[in-house]
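# Observations on the model geometry
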Amino acid sequence: MRRWLMSWLLLLLFAASAYGQQIIIDKMEPPNWWCGMNKSEIQLMVYGENLSNVDVKSTSKMFSVTSVEDAENSDYCFVNIKLDEEITPGEYKLEISNGASDASINFPILKRKSDENRYRGFDQQDVIYLITPDRFSDGDPGNNTVDGYLDEYDRSNPYGRHGGDIQGIINKLDYLVDLGITTIWINPLVENDTRFSYHGYAATDFYNIDARFGSNELYREFVDQAHSRGLKVILDHVSNHMSIDHPWMNSLPQDDWINGSKESHLNAHHDKMAYTDPYTAHNTIDYLSKGWFVNSMPDLNQRNSFVANYIIQNTIWWVEYSGVDGIREDTYPYVDQEFMAEWAKAVMTEYPEFNIVGEVWTGTTAFLAPYQGNSKLIDKFNSNLPAITDFGLRDVLYGYLKGENGLYDIYKVLAKDYLYADPSNLVTFIDNHDIERIMYAADTNWTKARTALAILLTTRGIPQILYGTEIGMIGAPEHGLLRADFPGGFPGDKKNAFSENGRSENQNRVYDFIKRLLNIRKLNSCLQNGDLIHYPPGTDVYVYSRRNDKGRVIVIINGTDKGALLNTAEYGDLFQSPVYIDQLGGTEQDYSKKIILAPYDIKIIKAKY
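Described below are features of the structure shown in this document.

Calculation criteria
Residues numbered from 1 in each chain as written. Predicted model: local features only at pLDDT ≥ 70, side-chain atom pairs only at ≥ 80, totals over all residues. Heavy atoms only, no water. Core = buried A, V, L, I, M, F, W, Y, C linked by side-chain atoms within 4.5 Å. Buried < 20%, exposed > 50% of the residue type's maximum accessible area, 1.4 Å probe, protein only. Helix = DSSP H or I, 4+ residues; strand = E, 2+ residues; numbered from the N terminus. Contact = heavy atoms within 4.5 Å. Pairing = 2+ DSSP bridges. Axes fitted to C-alpha atoms, helices over the stretch in contact; angles between N-to-C directions. Phe/Tyr/Trp six-rings, centres within 6.5 Å; stacked < 30°, edge-to-face > 60°. Lys NZ or Arg CZ within 6 Å of the ring centre and 35° of its normal. Parallel < 35°, antiparallel > 145°, perpendicular 65-115°, else oblique. Left-handed = near helix turned anticlockwise from the far one by under 90°. Nonpolar A, V, L, I, M, F, W, Y, C, P; charged D, E, K, R; others polar.

What follows concerns the nonpolar core. The biggest cluster of nonpolar side chains holds 167 residues, and the ones touching the most others in it are Y129, Y219, F222 and W343. Among the elements that make up this core, the one with the highest residue count is helix 6 (residues 305–322) (eleven residues). In this structure, W343 is in contact with H237, S239, I311, I312, T315, I327, E329, Y332 and I356, ignoring residues within four places of it in sequence. With 13 residues, the next largest nonpolar core counts V541, V543, L566 and F575 among its residues.

Structure follows, in structure tokens:
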């Protein structure tokens with residue numbers, strides 16, 4: 001009896017031990033890959049339980065396992081695979097064993113879509129329209145409230161969820177085409193299951209669209225719908241941080257997966273010149289690249305090779321899955337720059353026609369320019385980053401609207417373009433989702449605001465306008481009010497500014513002017529990619545021309561509230577024709593000797609002969 005009891009106990013202990021080592025697989029990221037990709041060596045991140053010291057085998061020679069690497073946490077492991085050049089689409093099985101338990105998981109390999117509209121990049125021929133999706137249009141009220149999500153739907157709360165979604169943007173694509181937009185940039189759409197994150201910059205899942213915006217499939221449909229109308233799409237991407245509510249924070253794969261910890265970490269300093277400063281102290285860079293942007297957004301450690309692989313693969317996965325045309329990279333200088341150079345190179349190698357613009361929030365040209373790839377200013381690193389945000393031009397345009405500077409300051413900023421590797425590949429703007437709107441900065445002075453918009457849409461660079469700029473939305477400095485709802489985009493709205501009849505007289509005045517400017521830009525290729533020649537605005541009258549082999553357009557801006565007289569003889573051979581056509585008004589004018597300018601006047605002219 002005693003011997004039988006002992007055997008039974010040993011059997012029970014063995015069974016319990018075996019059960020305690022049972023492999024459980026919850027998911028794998030990336031969830032799939034594609035045939036024919038340049039990147040054919042993939043690091044799979046497997047989530048589950050009892051994943052330490054596992055053996056992983058592939059059942060196909062086309063899909064080989066090169067190595068398996070343990071995470072410090074047994075809830076994860078990393079499986080390195082290599083895809084054969086001749087691999088075909090299908091489900092490829094991985095068999096996983098730890099000696100006590102076996103499991104398997106399928107990894108789909110898909111066929112790449114053959115579509116010339118995908119991955120086209122963006123350039124000076126484009127005009128970017130920036131959308132904060134929660135505040136633009138609610139096309140599916142059924143997803144305003146989703147069970148289990150932390151943030152609640154509440155349009156009365158400026159920092160709550162208002163219900164805008166992907167379907168709402170799809171519904172307004174024709175509106176954007178009619179306005180003259182060519183490219184759409186949408187603030188991040190990935191899952192943000194955290195508090196006060198309607199803006200999308202605090203991810204809790206890097207591979208799935210937030211259910212309150214729609215689904216992965218709907219996002220892909222949106223991109224296809226945009227492409228079918230000739231519109232391009234820019235993906236807003238974040239390599240720097242995630243949400244404090246990301247599941248990783250409950251069970252970090254490795255101790256150094258993030259910089260610091262929830263309890264003890266550096267707070268980010270904003271000294272963005274630290275990477276290019278020849279005298280910078282090492283800890284200055286640490287505060288920039290390892291500091292948490294805010295306490296609710298843990299800083300990812302890209303010096304960890306597994307984190308680096310994860311981010312690069314995730315970026316390429318989204319581009320390939322959706323077919324987007326470019327990326328706007330958030331908080332660019334706050335990330336380890338060696339990694340960012342590797343990241344940009346990997347993306348651009350996979351998609352050579354692509355474009356990436358990095359958000360570098362500094363208005364000082366000498367600090368801004370080195371972040372663009374192939375910079376002539378530094379030899380510390382090459383960022384491989386094609387485009388950057390032109391905060392330098394933005395700051396002086398904003399200062400002009402505020403009455404803090406004149407047009408000569410705009411001239412001086414553009415005169416420093418020799419510092420850039422490629423000044424044509426700068427994204428220009430006056431406002432965006434983070435900074436005061438144009439009309440707020442101008443204190444609702446539309447006459448002055450229109451001069452700044454005219455410069456934005458006729459000078460060099462790739463112009464970007466914020467949703468609602470075309471109807472003169474004012475907003476406020478606070479983010480929740482700055483990112484106000486577009487009137488008419490939501491059920492129950494009393495006015496619909498998406499239609500001419502629904503707009504007020506003032507809204508139509510702004511809309512018609514911007515639409516006219518966009519059409520002038522579209523019809524004159526020299527305003528898209530022509531050489532810029534400008535003259536010092538000594539009396540705050542700024543004169544410049546854009547010229548290419550297809551034509552020449554002259555722009556004249558009176559930046560003051562007083563009339564002015566322009567003597568054309570002072571501009572050499574700029575005014576060669578006696579008769580010019582005013583592109584804004586369509587009238588013919590004789591500008592052979594002088595041009596009379598009204599206060600805040602704008603003339604965009606083209607020689608008749």
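Below, the discussion takes up the sheet that holds strand 9 (residues 128–131). The eight strands lie next to each other as 9-10-13-14-15-16-17-18, forming a closed barrel whose pairing is parallel. When the angles between neighbouring strand axes are averaged without regard to direction, this sheet yields 30°. As judged from the four bridges shared by strand 13 (residues 232–237) and strand 14 (residues 326–329), these two strands associate in the parallel manner. Note that in strand 14 the partner of D236 across the bridge is R328.

A few words on the packing of aromatic side chains. Any aromatic ring pair is given by two values, namely how distant the centres are and how the planes are angled relative to each other. The final tally for this structure, using the stated rule, is 40 aromatic pairs. Both rings, one in F293 and one in Y334, keep their centres 5.0 Å apart while their planes meet at 85°; by these two values the pair is edge-to-face. Here the residue F293 occupies a position in the loop between helix 5 (282–289) and helix 6, and Y334 occupies one in the loop between strand 14 and helix 7 (337–350), the gap between them amounting to 41 residues. Taking the centre distance of 5.6 Å and the plane angle of 40° together, the rings of Y351 and F354 count as tilted. Here Y351 and F354 have matching classes, each one buried. The lysine or arginine in question, R135, covers the ring of Y198, its NZ or CZ lying 4.0 Å from the ring centre. Taking NZ or CZ as reference, K448 lies 5.0 Å from the ring centre of Y400, over its face.

In this section: the sheet that holds strand 7 (residues 90–97). Read from one edge of the open sheet, four strands run 2-8-7-4, paired in mixed fashion. The open sheet terminates on both sides in strands that have one partner only, identified here as strand 2 (33–34) and strand 4 (55–58). As paired elements, strand 2 and strand 8 (residues 102–110) share two bridges and run parallel to each other. The partner of W33 across the bridge, within strand 8, is I109.

All right, on to the packing of helix 6 against helix 7 then. Relative to each other, helix 6 and helix 7 sit at 30°, their axes nearing to 10 Å. As summarised for this structure, helix 6 and helix 7 are arranged roughly parallel, according to the angle between their axes. As helix 6 runs across helix 7, the sense of the crossing is right-handed. Across from A308, I311, I312, T315 and I316 in helix 6, the residues of helix 7 making contact are F339, E342, W343, A346, V347 and E350. When grouped by side-chain class, the residues that make up the contact of helix 6 with helix 7 number eight nonpolar, one polar and two charged.

At a minimum axis distance of 9 Å, the contact between helix 4 (residues 216–228) and helix 6 shows a crossing angle of 60°. It follows from the interaxial angle that helix 4 and helix 6 lie oblique. Taking contact as the criterion, the partners of N216, E217, Y219, R220 and V223 in helix 4 are, on helix 6, W317, W318, Y321 and S322. A per-class count over the contact of helix 4 with helix 6 returns five nonpolar, two polar and two charged.

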